[in-house]
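Letter by letter, the chains look like this.
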There are 2 protein chains.
Amino acid sequence: MGTSSAIPSRHRNHPSIGLKAFGEVILFDCGEGTQRQLIFAKISPMKITKIFISHLHGDHVLGLPGLIESLGFRGRTEPLDVYGPPGIFNLEIAINNLGSISKTFVTAFHEVEGRTIIDNDDYIIQAIKTHHNIYNLSYSIVEKKKPRFLRKKAIKLGVKPGTDFGKLHNGETVKVNNKIISPEQVLGKNRSGIKISYSGDTKPSDDLVDFVKDSNLLIHESTYQQADEDKANEHYHSTGRQAAEIAKKANVDRLILTHISSRYKNVDKIREEACEVFENTDIASDFLKIELNSN
Amino acid sequence: MGTSSAIPSRHRNHPSIGLKAFGEVILFDCGEGTQRQLIFAKISPMKITKIFISHLHGDHVLGLPGLIESLGFRGRTEPLDVYGPPGIFNLEIAINNLGSISKTFVTAFHEVEGRTIIDNDDYIIQAIKTHHNIYNLSYSIVEKKKPRFLRKKAIKLGVKPGTDFGKLHNGETVKVNNKIISPEQVLGKNRSGIKISYSGDTKPSDDLVDFVKDSNLLIHESTYQQADEDKANEHYHSTGRQAAEIAKKANVDRLILTHISSRYKNVDKIREEACEVFENTDIASDFLKIELNSN
C-alpha cells in the first residue's frame, strides 16, 4: 500500500504491506493514508484481522488512528489485533486520546515478546529485534502445509477413497473393518509452505539472515543507494545492495526492495546495485501485487 | 486538499483547505493524508504558517501528526501555530505522545477564545461556535485593504509625488516645509477586502448567516442530499440545499460545497438542489483551485 520512507512522494505513500491469505488480510506497518490506499487497492479494511508494526516511527504507524476510526464508522464488530515492539501500549493510549474515535469494536494491542507470536492451524508468525535507531521488529510468516496423503498406503490398510481419505488428511482417525486407522499411518512428514519475511527498518543484520532463511519472498527496506552507504549507516538503514546481500546469504527466492527515500527521482540505480549481488530483485511500487502459490 | 466527510473515497481525501495569500499558506482543517495532498497540489508544507481546526473529529485532525513530523524531517525552524476549539491542548499532548516525532521547530497550539483570533496589518481572522455534535468553529478571514490615497488633496497640501506618497499611504507622517502632514489628511475611509468563510461541520445556523455575511466565498459543508435531511439533522450536518439557504440569506458571492459523504457516487443531485436556492454554487473536488482578486 505504501513504499516510501519518512517523507512520501507523488508516487509513494508511507509504508504498509498487505497480505491476503487464509481468509484474512494482515497488514505489516500502517503509515498515514493507508486507509485510503486500501480503497485504491480494492481491499476492504473490514477484512483486516491483524496488524504488525515494525517500529514506532511516525511513518510506520500514523495510519492506525484513522484506520481504526474508519472501521468504527463502518460498524465493525470483530476485534482487531495490533502487534508491535515495546512502547506499543503508549501508542494505544495516544491513539485513544487523539480525538473522538468512535469504537464499535475491540482493538487489542499486544507487545511482542519472544520469537513466536502466532502459531495456529494455518501459519506461524515470528519476529526478531533488528538494528534500527529505535526498537525494530522484523517479521516472518510461514504457511503450514498438510503433510502429503499416502494414498497407496491407505488403500493397503483397507481405507476406501472418499470421505475417510479427507478425514485422515485432516488429522482425524477413522474406523475400517473394526480397525482404528490413525492419520500418522497414512501421512507423510510435516511440510513448510510459503515463507514471507519483512525487515521493517534496519541496518544489515546477521541475525536477520538466519531469521529470513529460505524465504520465498523477502521484503527488505532499501532506503539508500550504495553511494549513500554512510547515510544508511548513520540512520540505521540499508542500501539496496546491502539488502541483496542479506537475500543472497539467506538463500531466499525473491527480493522486493521497499522504503525508498524520496530523494531519489530514479530508482534504477538501487535496483541495479542490488541485482549485481542478487538477481531476482525488484523495487516495490505502491499497489504492486505479488501472487505466491503453494506447490 | 480534501473534500470527503468521515470516510474518504477514491476521489476525495479527508478535509483540508489551503489558503495562499499574504505570503503565507494557511490551512483550515488537516485530515489524514494532507501532507501528501500538498505534494500533489504543489504547495510546500514549509510555507504553512497557521492551521485552523474546526473541530476535533479524527477526519479533520489526523493529518496533523504526520505533517508536523514531515516538517521536522525537512528541517523547519519557523514556528507553526495551530488554532482550534477547547480540547486542542489534549490533541497536542496526544500528538506529542504518538511516537518519535522529531521536532526542530516550535508548534504552538492555541485554544480559540472570543471572536477575533488574529488582527494584523493584512487580515482579520475570526471564529464562532456553530452547531455540531462536538464543539465546532466556523472561521472567516477578511482582507484589510489600504484606504484610497487622496492624491489631489496631498498635492494641495504641498506633498510631492514619490516616497512621501508611499509613506503616507502606509500610515506614516511626513514633514513638508516644516509642516507635519498626517496620513488621516490624505487617506480615504477604511475598506474591506476579500472575505472568505468556512463552516467546518455544522447544522444550519442563523448565527452563521450573520458571521459569513457578504463573503466573497463561502465554503460550507454539505454532507448529505436533501432526501437524507433527517440523517443530516441527526448527525448535526447540513444538506447542500441548507448550505445554499445560508449562502442566500448571507448575501455571499459564491458558494462551494464540501465534506461530501462517500455514500453518494454522483454529486449532481446535491449541486442541483443547492442551485435551486442559490445559483452560484459548485461542489468542491480535491485540488479545486479558486482565485479571488481584490478590486
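The structure presented is a predicted model; accordingly, all values stated were derived computationally and were not measured.

So what exactly am I meant to see when it comes to the sheet that holds strand 7 (residues 123-130) of chain B here?
The strands making up a sheet associate through hydrogen bonds between their backbones, and the pairing can be parallel or antiparallel. All names here are of chain B. With mixed pairing, the seven strands of this open sheet are ordered in space as 6-7-8-11-12-13-14. The sheet is open, and its two borders are formed by strand 6 (116-119) and strand 14 (281-283), each paired with just one other strand. Adjacent strand axes in the sheet meet at a mean angle of 20° when their direction is disregarded. Direction of pairing for strand 6 relative to strand 7: antiparallel, over a ladder of three bridges. Its bridge partner lying in strand 7, Ile118 is registered against Ile125. Its contacts with the sheet put helix 11 (residues 268-277) on strand 13 (255-258) and strand 14, and the angle it makes with strand 14 is roughly 165°.

Looking at this model, I keep getting lost on the packing of helix 10 (residues 240-249) of chain A against helix 11 (residues 268-275) of chain A. Mind explaining?
Packed helices, taken two at a time, are described by the angle their axes make and the gap between the axes. All names here are of chain A. The contact between helix 10 and helix 11 brings their axes to 7 Å, and the two run at 30°. Relative to helix 11, helix 10 is oriented so that their crossing is right-handed. Touching Gly240, Arg241 and Ala244 of helix 10 are Ile270, Glu273 and Ala274, all from helix 11. Residue composition of the contact of helix 10 with helix 11, by class: three nonpolar, one polar and two charged.

Can you help me understand the relation of the copies chain A and chain B in this one?
For the pair of chain copies, the relating transformation is a rotation about an axis with a translation along it. Overlaying chain A on chain B yields an RMSD of 0.3 Å, the required transformation being a rotation through 180° with an accompanying axial translation of 0.1 Å. Taken together, the rotation angle and the small translation identify this as a two-fold axis. Both copies present the same face, since 100% of the interface residues in chain A are matched by interface residues at the equivalent positions in chain B.

When you look at the packing of aromatic side chains in this model, what are you seeing that I'm missing?
Aromatic ring pairs: the centre-centre distance and the angle between the two ring planes describe each pair. All names here are of chain B. Under the defined criterion, the tally for this structure stands at 16 aromatic pairs over all chains. With a centroid separation of 5.5 Å and an interplanar angle of 20°, the aromatic rings of Phe28 and Phe52 are classed as stacked. Within this pair, whereas Phe28 is found in strand 2 (residues 24-28), its partner Phe52 is found in strand 3 (residues 48-52), the two being separated by 24 residues in sequence. Residue Phe28 shares its accessibility class with Phe52, and that shared class is buried. Seen in terms of ring centroids, Phe149 and Phe165 are 4.7 Å apart; in terms of plane orientation they differ by 50°. Their pairing is tilted.

How should the environment of Asn13 of chain B be read in this particular structure?
Mapped onto the fold, Asn13 of chain B is located in the segment before strand 1 (17-21). Note: C-alpha distance between Asn13 of chain B and Glu184 of chain B (171 residues apart in sequence) is 49 Å. Setting aside its immediate chain neighbours within four residues, Asn13 of chain B contacts Arg36 of chain A together with Met1, Gly2, Thr3, Ser4, Pro8, Glu32, Gly33, Thr34, Gln37 and Asp286 of chain B. Reaching out from Asn13 of chain B, the side chain makes a polar contact with the backbone oxygen of Glu32 of chain B at a distance of 2.8 Å.

Quick question: what am I supposed to make of the interface of chain A and chain B here?
In many analyses, interface size is given as the accessible surface area lost on bringing the parts together. Taken together, the contact between chain A and chain B spans 42 residues of the former and 42 residues of the latter. Here chain A meets chain B over a buried area of about 3000 Å², counting both sides, of which 58% is carbon and sulfur. For the pair chain A and chain B, the interface holds zero salt bridges. Between the two partners, chain A and chain B, sit twelve residue pairs in polar contact (both at pLDDT 80 or more). Listed by contribution, the elements that provide at least two residues to the side of chain A that touches chain B are helix 1 (34-40), helix 2 (58-61), helix 3 (64-73) and helix 4 (88-96) of chain A. Along the lines of polarity and charge, the residues of the side of chain A that touches chain B split into 16 nonpolar, 17 polar and nine charged.

The rules we used
- Residues numbered from 1 in each chain as written.
- Chains lettered and ligands numbered in written order.
- Predicted model: local features only at pLDDT ≥ 70, side-chain atom pairs only at ≥ 80, totals over all residues.
- Heavy atoms only, no water.
- Pairing = 2+ DSSP bridges.
- Helix = DSSP H or I, 4+ residues; strand = E, 2+ residues; numbered from the N terminus.
- Axes fitted to C-alpha atoms, helices over the stretch in contact; angles between N-to-C directions.
- Contact = heavy atoms within 4.5 Å.
- Left-handed = near helix turned anticlockwise from the far one by under 90°.
- Nonpolar A, V, L, I, M, F, W, Y, C, P; charged D, E, K, R; others polar.
- Least-squares fit on C-alpha atoms with pLDDT ≥ 70 in both.
- Phe/Tyr/Trp six-rings, centres within 6.5 Å; stacked < 30°, edge-to-face > 60°.
- Buried < 20%, exposed > 50% of the residue type's maximum accessible area, 1.4 Å probe, protein only.
- Polar contact = N/O pair within 3.5 Å; in protein donor to acceptor, adjacent residues only side chain to side chain.
- Buried area = accessible area lost by both parts, 1.4 Å probe.
- Salt bridge = Lys/Arg side-chain N within 4 Å of Asp/Glu carboxyl O.

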